[in-house]
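If you want the building blocks of each chain, they are given just below.
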Amino acid sequence: MSGFAERSVAVNGAPCRVWEKGRGSPVFYLAGFGGLPRWTPFLDRLAERHRVVAPSLPGFPGATGHDRLDTLFDWVAAVLDLVEGAGLAGADLVGASVGGTLAAEIAALSPALVRRLVLIAPFGLYDKKAPPADLWAQKPGTLPSLLCVEPKTYTDHMAPPEGTSAEEWSIVTTRASEAAARLLWPLADTRLERRLHRIRCATLIVWGAADKVLSPSYAERFAKGIAGKTSMALIPATGHLADLDQPARVAEAVLSALS
Amino acid sequence: MKLLWFHLMPYTELPDDFRERHNSVWVDIDSGLLDPTVAHRLYNEFMDELEYAAALGFDAICVNEHHANGYGLMPSPNLIAAALARRTSDAAICVLGNSLALYNPPTRVAEEMAMIDCISGGRLIAGFPVGTPMDTCFAYGQNPSMLRARYIEAHDLVLEAWTRRETFAFNGRFNQLRYVNTWPHPVQKPRPPIWIPGGGSVETWQWCAAMDYVYCYLSYFGYKAGRETMMGFWREMERLGKDRNPYRAGFLQFVGVAQTREEAMKLYKEPAEYFYGRCLHVDSRYVNPPGYNSEATQRARITSQVALASQRAATMSGGATWDEILAKGFVIIGSPDEVAAQLREVATDLNVGHLMVLQQFGNMSRDLANHNTRLFAEQVMPQLRDLFKQEWEDRWWPKPLPKPARAVPQAPAREAAE
């Protein structure tokens, strides 16, 4: 993991870090729960064939300004600012987990901005027979094994980068969790389902078969609601943060959909 | 100094193996453990105890708000306060308080508290806590990332509703009301005194100083644990150029009085162990939702006492032992003279002019609670009364209507009808 460029886009006056790597057709990536404290092997794979642009959503590592966003409307407007500010209108859009729900909203509300869509275990729908696990009501230390089949993957991903104090870093990671909560608390129905029919682009839905946060049964509901041509990739032995848990296999599915 | 009698209203019938068999006393406490016929008895006994304390001369009786909580049966303290207002005549009614962000619209709080102030003839102390994570974010589903901003806005709205004498529009970030016109408004002008129970964040202290509110620390772990918080509060007041008027502060202490220390040891061991064992058995999943603590509070490494209790629960098989409860001063027990001497020292050391005593705790019966209360009122209170009295004025106490102007409730209707 090296060779990525960094710039900043202002959203509501707050700076959001934008990382970029690779050449080819542009792919816009919105990360999942926890955000992008560091570049990931999954993004490296995508960058072998695409120009990958990964902005930090407000409040996630590399960005602030979540405290100005009170409603879903505010969040969608912020992401539109990010997409346009990063010069990515018309790019392929990949969103995972928390980023996935926003990717779906953007594709539904501003279809012209999105060429093709990839949703990796996005939030937003609610099945009362399989409600999402409560990410914010977990015993200390149990979150990694809830999010990834290999807990160490998440722990390493979220570890303090070199030169950061553990104390200050814990504020950054808590802020990321808070930003996700600000958007999605209490993980109920965001009414995205009513807007799915507005997604008319080709859409790949990726789900970890061992997702303990959102049951893979949600994949079918997304596919049913989306008007565009959908395909599904269920990745075996993979948890909620699928692209972190199984970067090669998820990248393979995504690259094939974007080829 | 002022002495206030505080009730948490704990459910007294949690089973002996509660810690082993149940997750948490809060949020997802097993609903099957509550028997409404027991609750019927408890509410009536608990209100008896509060009324008894008022009759014995305590300056105030205090109630507070908790939700889905096995040690606090008052989701609506205002209901209890209204009933107490009718059956007491001189004691202040201290509602400590209403978690403002939970009410939609928050003018509900302005209305209900104004009603209590009117019913009681101006005896209300209005407490405005943010509320614990268990109450607000989990039991009441509030978004932890927006809770404090909502709280501050709700406070501004209630204050305006109490003090403005015309119908006005409120165009807030979270609350938008075209017509605000609180009927009734409070007897006390410009408004009832406002007290803020808080966990010890610097921002809360600064806010209390700026608004001239009383800061209350409701310590479950006694004066030794609360000392650091209160010292921090006074250091901040000094930094802000505020005087050391002890009536700026309130502090809660569990107290058990008996004729002798030996007798007190016998009487209060079981209820104390019940409280520190069963009632503080809080699942760690619910104590720290992200955003509940500000980043400044995180940097100051302030940990809430419920989070501490929960950490303790995770590392200990049982609750606090009786020895620990006594050694660390969670509960102050002894003969009236011993208790008076200790409380005098606590109040002086912490510089607290509003001392709230919790004399019914855990599964204590009404008889024992009344015994505890009576000994305190008759033999401890007189030894504490003079403290701070000469040097400081309590600017944060209710100003009721003069006695002749106050309504006298009719004697119980049955008697009147006969």
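Report follows, based on the coordinates. Bear in mind that the values here come from a model prediction, so they are computed numbers and not experimental data.

1. Details of the overall build of chain A
No. 1: When helices and strands are counted, chain A shows nine helices and eight strands.
No. 2: Against the globule reference of 18 Å for 259 residues, chain A gives a C-alpha radius of gyration of 16 Å, in line with a compact fold.
No. 3: Expressed as lengths along the three principal axes of its C-alpha atoms, the size of chain A is roughly 45 × 40 × 35 Å.
No. 4: Relative to its 259 residues, chain A shows a buried fraction of 49%.
No. 5: A separation of at least 24 residues holds for 75% of the contacts in chain A among residues at least 6 apart in sequence.

2. A look at the nonpolar core
No. 1: By size, the foremost hydrophobic cluster in this structure holds 124 residues, and its most contacted members are B:Ile61 and B:Val95.
No. 2: Not counting the four nearest positions on each side in its chain, B:Val95 is found in contact with B:Val63, B:Pro77, B:Asn78, B:Ala81, B:Met113, B:Ile116, B:Leu124, B:Ile125, B:Ala126 and B:Gly127.
No. 3: Judged by nonpolar contacts, the second largest core, of 83 residues, contains A:Val118, A:Tyr154, A:Val250 and A:Val254.

3. Digging into the sheet that holds strand 5 (residues 91–96) of chain A
All names here are of chain A.
No. 1: A sheet is described by the order of its strands in space; here eight strands give the open sequence 1-2-4-3-5-6-7-8, paired in mixed fashion. Bordering the open sheet on either side are strand 1 (5–11) and strand 8 (230–235), each of which pairs with just one other strand. Each strand axis lies, on average, 20° off the axis of its neighbour in the sheet, ignoring direction.
No. 2: The pairing of strand 5 with strand 6 (residues 114–120) spans five bridges and is parallel. Paired with Val94 across the bridge in strand 6 is Val118.
No. 3: Taken strand by strand, helix 2 (residues 72–85) contacts strand 1, strand 2 (14–21), strand 3 (26–30) and strand 4 (51–55), and its axis lies near 135° from that of strand 1.
No. 4: Taken strand by strand, helix 9 (residues 247–257) contacts strand 5, strand 6, strand 7 (203–208) and strand 8, and its axis lies near 170° from that of strand 7.

4. Here's the deal with the interface of chain B and chain A
No. 1: Taken residue by residue, the interface counts 16 residues in chain B and 14 residues in chain A.
No. 2: Looking at the side of chain B that touches chain A element by element, the count peaks at three residues for helix 10 (residues 295–299) of chain B.
No. 3: Residues belonging to the side of chain B that touches chain A are distributed by class as follows: six nonpolar, six polar and four charged.

5. Observations concerning the environment of B:Ala258
All names here are of chain B.
No. 1: Among the secondary structure elements, Ala258 is positioned in the loop between strand 9 (249–257) and helix 9 (261–279).
No. 2: In this structure, the C-alpha to C-alpha distance between Ala258 and Phe376, residues 118 residues apart in sequence, is 8.8 Å.
No. 3: Among residues more than four places away in sequence, those in contact with Ala258 are Glu263, Ala264, Leu267, Ser335 and Leu375.

The rules behind each value
- Residues numbered from 1 in each chain as written.
- Chains lettered and ligands numbered in written order.
- Predicted model: local features only at pLDDT ≥ 70, side-chain atom pairs only at ≥ 80, totals over all residues.
- Helix = DSSP H or I, 4+ residues; strand = E, 2+ residues; numbered from the N terminus.
- Rg over C-alpha atoms; globule rule 2.2 N^0.38 Å.
- Buried ≥ 20, exposed ≤ 12 C-beta atoms within 10 Å, placed from the backbone.
- Contact = placed C-beta atoms within 7 Å.
- Core = buried A, V, L, I, M, F, W, Y, C linked by C-beta atoms within 7 Å.
- Pairing = 2+ DSSP bridges.
- Axes fitted to C-alpha atoms, helices over the stretch in contact; angles between N-to-C directions.
- Nonpolar A, V, L, I, M, F, W, Y, C, P; charged D, E, K, R; others polar.

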